[in-house]
Amino acid sequence: MTDSHTGPEQGGDQSGAIPDTSCRTLMWGPANFRGAPPKRLLLEGAVLGTGLSGLITGSAVSGVLTGHRLPVLVTGIVLALGTAVYLFFTHAGRVLLILVALLGAVLSWWVPRVTAEAVLAERGEARSVVVTEVHEHRYEGRD
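Just so we're clear, the structure is a prediction, and the values are computed from it rather than from any experiment.

> Explain the overall build of the protein chain to me, please; I cannot follow it from the model alone.
When its secondary structure is counted, the protein chain shows four helices and zero strands. When the helices and strands of the protein chain are listed from N to C terminus, the series reads α-α-α-α. Burial analysis of the protein chain (143 residues in total) assigns 20% to the buried set. In the protein chain, the proportion of contacts linking residues at least 24 apart, taken out of those at least 6 apart, comes to 60%.

> Teacher, can you tell me more about a nonpolar patch on the surface here?
Together, Val106, Trp109, Trp110 and Val114 make up a nonpolar patch on the protein surface, roughly 410 Å² of accessible area in all. Structurally, Val106 can be placed in helix α4 (residues 94-123). Relative accessible area serves as the criterion here: at 47%, Val106 is assigned to the partly exposed category.

> Can you walk me through the nonpolar core in this structure?
Nonpolar side chains tend to gather and get buried jointly when the protein is soluble and globular. Counting residues in hydrophobic clusters, the biggest one holds nine residues: Leu52, Ile56, Ala80, Ala84, Leu87, Ala92, Leu97, Val100 and Ala101. Among the elements of the structure, α2 (39-66), α3 (69-89) and α4 are those that each provide at least two residues to this core.

> I tried to follow the environment of Leu103 on my own but got confused; where do I start?
Note on placement: Leu103 falls in helix α4. The spatial distance from the C-alpha of Leu103 to the C-alpha of Ser53 is 9.4 Å, given a sequence separation of 50 residues.

Conventions and cut-offs
- Residues numbered from 1 in each chain as written.
- Predicted model: local features only at pLDDT ≥ 70, side-chain atom pairs only at ≥ 80, totals over all residues.
- Heavy atoms only, no water.
- Helix = DSSP H or I, 4+ residues; strand = E, 2+ residues; numbered from the N terminus.
- Buried < 20%, exposed > 50% of the residue type's maximum accessible area, 1.4 Å probe, protein only.
- Contact = heavy atoms within 4.5 Å.
- Patch = residues over 30% accessible without salt bridge, like charges linked within 9 Å, V, L, I, M, F, W, Y side chains within 5 Å.
- Areas by Shrake-Rupley, 256 points an atom, 1.4 Å probe, with all protein chains shown as cover.
- Salt bridge = Lys/Arg side-chain N within 4 Å of Asp/Glu carboxyl O.
- Core = buried A, V, L, I, M, F, W, Y, C linked by side-chain atoms within 4.5 Å.

This is the structure we're talking about:
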């Protein structure tokens, strides 16, 4: 008698198999293999992670250097969420989805600040000041 609910971990590869919907699978993903993961998955993860962080960092640096920070921030967040959606449709675990979305958003928020500080430090001298008084001059005939 054959069991119709066997999965790849037991050696059965049946198209009518019922997917595992346990809490562990929903949180960490359906990858139930023994030993090291397949090289295709490792390569896909490395390319996806490197590409996403390169795109977010590149767009953030270009936004700081051109002076358009808000569109670049939105672009970085959209890239991170787009990658999370891709991972959702490839049935990745929820923990990985949340990590990619959060780390991408933090990276797109953090890189422009660091880049701006680096540009200011390179182009001039950074000083801390305290404004003690402000004088407002009104000139007649001017806006």
